[in-house]
Amino acid sequence: MNNKELPYRQIHLDFHTSPYIEGVGESFNGDEFIDTLKNAHVSSINLFAKCHHGMYYYPTKIGRMHPNLSFDLFGEQMRLCKENNIRALAYTCVSWNEDVADRHPEWLTLDAEGVRGVKKPFESSFYSWRHICHNNRDYQKILKEEIKEIYDLYKPDGFWIDIVQGKRCICKTCSKDMISIGLDPHEPKDVLRFDRISETAFCRTMYEYIRSLDNDLEIFFNSNPYRLDDAEDEEASSAEKRKYYDFIDIESLPSDQWGYTHFPVAVNYLNKYDKALCMMNGKFHTAWGDFGSIRNKNALEYECFRAIANGSAVCIGDQLHPCGKPDKAVYERIGGIFSQIESLEPWIKGSEKMSGIAVMIPKKAGEEDEEAQKSIEGVYRILSELHLMFDFVNIQDPLEKYKLLILPDRVTLNCATAEKIEEYVSLGGRLLMTGSSCLKDGRSQLSCMDIIHHGKSEFSHRYLRLDKDYFSGIPEIDHVLYEAGEKTEGKGDVLARIVEPYFQRTYDRFCSHRQTPPRREESDEAGILRCKGGIYLSFPVFAIYSEYGYTIYRDILERCLKELVEKPLIKTDLPALTELTLRKGPDRYLLHMLNYVKERKAKVMDTVEEKYTVCDRTVRIYTEDRPARVVRVQGQKETGFDFEEGYTRIHIEREEGYTLYNIEMKS
Ligand SMILES: [Zn+2]
């Protein structure tokens, strides 16, 4: 199933319906259901065989059909989709199943505090389902029977299997399994690592079982297959888990826990692999289960177009009302976007991401590391704001195709990876290393970055005095470092020096409201150093950018990156707000441009309300050869261009929202 393109226009039709609700499906009308999907240009749908309440929506012999449903709703929906050539996957879920939690409380997870099933007594907050241990073999047996029943009765195109997520379970089965592989159930780190290992084991078991039923079934587990880790601990890595996936949905509803940086971070990791990707957002104002809300038109549009700009299909999450009648207004809104995507499909199908920069993931498999997460977000923000195309890489990924490797803030290397990077540099690759990355036992792990490490600075804040010629244009003040970083010395050209504060702020010795001011004289220590292999910044610039957003850090990196990447794929004077992606199709380059205003409009969430207009700007794309023509795909309007030194220059007269340019290389 690999290498397959997914249908671009998908719906995930949530139907978690409490057994306390009456008249389930009583307003369902087959003609209306299928017409709604067809009129909204839907090409694929995830349909509910069973929900988190543990209710089945077909006559089952395994569990309990919803008590207030009088017909085979799932079977009807499946039949209609098949007859109308809409791909239909059967949705079922693993750990969230209220009915099984009632009947088999002994299968609930158990954590070190003694809480069973994650949910404390009297808890009623959102998403507070009881959690069954996916590792329980009796439960796995039932899940297999359920999948076989669904397959035998309905022959779906595949299975979308939700909630395979370890919850630090130390139940009898998990403890026994941990001990058998040398892990200690008393040790929180081991328990967390076992979560990852047992999730993968579950995916493997079920994948092999489903494959044994039918080799053509498409299989997906909602189990964080996009988790960013360096894959050094292979067994616990997301790379190992992804072997048991036919495609990858990136569940990412921006107005909930995910925010607007989650999807692009995940997609910039997975885009280089050959597994098909799909972005899953929602039609909700907030997220799943937000009845009575419809997503802002521009927010929905932005999220869907951003997905296709990243080579990903789109799956919009909806929840069907218990009565079974779809919301007309919702499908009109979705149809307005899906019809546009459909008209773009001839151009966007079969394209590949272009990228010149690799970023090593600074996170270990099986660990939760908030600091590393900040660095990852900072990398995404800075590089996308500078319109530089990049991939997150793990230690297994090849580096040859990249001009630059970034080692952000806190990367630690094993010997083999250090050697791999030395070789990469010896073949002409360049490095940007920041913070404590690759510093071990008092020195750099890389001989091409000749740095001695004296530990962390004793100050919480320090300052940076930039070389005014190298960094011309950046205001000449001593710029604060909101995290002081590392004390280092090294061989190379000093591009900025550290300036220390007069003293460390304490309860009884302090100056003014915040950090102590800088001394007048600079120290001997370099804050930015040009070494043989590239440039080193002695502070975690990406993490502090994600935390404080001080644009001077971005300006500093822009200057360094200009030296390290001589011919970036894109050069432009477009604002940081404009998002660009560059993809390559057969005989063409595709430039996707997004102009939308992401806002924190409310205290609890980010959203998009308005499009943004850019006027009179220029984009230069490195196409190497002169293209035959440049066409603005929307409206099929041929656009004038210049070609100089390998770059095709397009003038952007006035654009707003989403635009796709097709740069045709052959006439
Ligand atoms: Zn368990």
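In this text the structure is predicted, and so the values were computed from the model without any measurement.

**Points about the nonpolar core**
Right, on to step 1. The biggest cluster of nonpolar side chains holds 151 residues, and the ones touching the most others in it are I45, F74, F221, F392, L432 and I528.
Right, on to step 2. Contacts of F221, omitting those with residues within four sequence positions, involve I161, V164, F202, C203, M206, Y207, Y244 and Y245.

**Focus on the packing of aromatic side chains**
Given two aromatic rings, one states the distance between the centres and the angle between the planes to describe the pair.
Right, on to step 1. One pass over the structure, following the stated rule, counts 28 aromatic pairs.
Right, on to step 2. Ring centres of F221 and Y245 lie 5.8 Å apart, and the angle between their planes is 75°; this geometry places the pair in the edge-to-face category. Separated by 24 residues along the polypeptide, F221 in strand β7 (residues 218-221) and Y245 in the loop between α7 (238-241) and β8 (247-251) bring together distant segments of the chain. Judged on exposure class, the residue F221 and its partner Y245 are both buried.
Right, on to step 3. Through pairs of rings, three or more aromatic residues link up here, namely F48, Y91, W160, F202, F220, F221, Y245 and F247.
Right, on to step 4. The aromatic ring of F247 is capped on one face by R87, whose charged end is 5.3 Å from the ring centroid.

**Structural notes on the domain arrangement of the chain**
Right, on to step 1. According to the domain assignment, the chain contains domain 1 (9-350), domain 2 (357-567) and domain 3 (571-664).
Right, on to step 2. The straight-line distance from the C-alpha centre of domain 2 to that of domain 3 is 30 Å.
Right, on to step 3. The contact between domain 2 and domain 3 buries some 690 Å² in all, and 58% of this surface belongs to carbon and sulfur atoms.
Right, on to step 4. The largest per-residue losses of area from domain 2 upon contact with domain 3 belong to H387, M389 and K567, which jointly make up 72% of the total buried on that side.
Right, on to step 5. Where domain 2 meets domain 3, there are zero salt bridges.
Right, on to step 6. Across the contact surface, domain 2 and domain 3 share three residue pairs in polar contact (both at pLDDT 80 or more).
Right, on to step 7. Taken together, the residues of the side of domain 2 that touches domain 3 sort by class into two nonpolar, one polar and three charged.

**Regarding the sheet that holds strand β15 (residues 430-434)**
Right, on to step 1. Strand order in the open sheet formed by nine strands is β13-β12-β14-β15-β24-β23-β22-β19-β20, with mixed pairing between adjacent strands. Looking along the sheet, the strands with just one partner apiece sit at the ends: β13 (390-393) and β20 (479-481). Averaged over neighbouring strand pairs, the angle between their axes works out to 20° when direction is ignored.

**What about helix α14 (residues 551-564)?**
Right, on to step 1. Between the first and last C-alpha of α14 there are 20 Å, a value that for 14 residues agrees with the 20 Å anticipated at 1.5 Å per step.
Right, on to step 2. What α14 keeps buried is the set I552, Y553, R554, I556, L557, C560, L561 and L564.

**Considerations on the side chain of Q10**
Right, on to step 1. Mapped onto the fold, Q10 is located in strand β1 (residues 9-14).
Right, on to step 2. Judged by relative accessible area, which is 2%, Q10 ranks as buried.
Right, on to step 3. With near-sequence residues (within four places) excluded, Q10 lies in contact with S44, R87, C278, A313, V314, C315, I316 and F338.

**What about empty space enclosed by the protein?**
Right, on to step 1. Using the criterion set out here, one finds eight cavities of 30 Å³ or more in the structure.
Right, on to step 2. What the largest cavity holds in volume is close to 230 Å³.
Right, on to step 3. Lining the largest cavity we find 20 residues, and of these N268, N310, S384, L580 and T581 sit closest to its centre.
Right, on to step 4. At five residues, strand β26 (residues 579-585) tops the list of elements feeding residues into the lining of the largest cavity.
Right, on to step 5. A per-class count over the lining of the largest cavity returns 10 nonpolar, six polar and four charged.

Conventions and cut-offs
- Residues numbered from 1 in each chain as written.
- Predicted model: local features only at pLDDT ≥ 70, side-chain atom pairs only at ≥ 80, totals over all residues.
- Heavy atoms only, no water.
- Core = buried A, V, L, I, M, F, W, Y, C linked by side-chain atoms within 4.5 Å.
- Buried < 20%, exposed > 50% of the residue type's maximum accessible area, 1.4 Å probe, protein only.
- Contact = heavy atoms within 4.5 Å.
- Phe/Tyr/Trp six-rings, centres within 6.5 Å; stacked < 30°, edge-to-face > 60°.
- Helix = DSSP H or I, 4+ residues; strand = E, 2+ residues; numbered from the N terminus.
- Lys NZ or Arg CZ within 6 Å of the ring centre and 35° of its normal.
- Domains from an automatic or database assignment.
- Buried area = accessible area lost by both parts, 1.4 Å probe.
- Salt bridge = Lys/Arg side-chain N within 4 Å of Asp/Glu carboxyl O.
- Polar contact = N/O pair within 3.5 Å; in protein donor to acceptor, adjacent residues only side chain to side chain.
- Nonpolar A, V, L, I, M, F, W, Y, C, P; charged D, E, K, R; others polar.
- Pairing = 2+ DSSP bridges.
- Axes fitted to C-alpha atoms, helices over the stretch in contact; angles between N-to-C directions.
- Expected span 1.5 Å × (residues − 1).
- 1 Å grid on protein atoms, 1.4 Å probe; cavity = no way out; pocket = protein on both sides within 12 Å on 5 of 7 lines; lining within 4 Å.
- Points joined across faces, edges and corners; volume = space filled by probe spheres on them.

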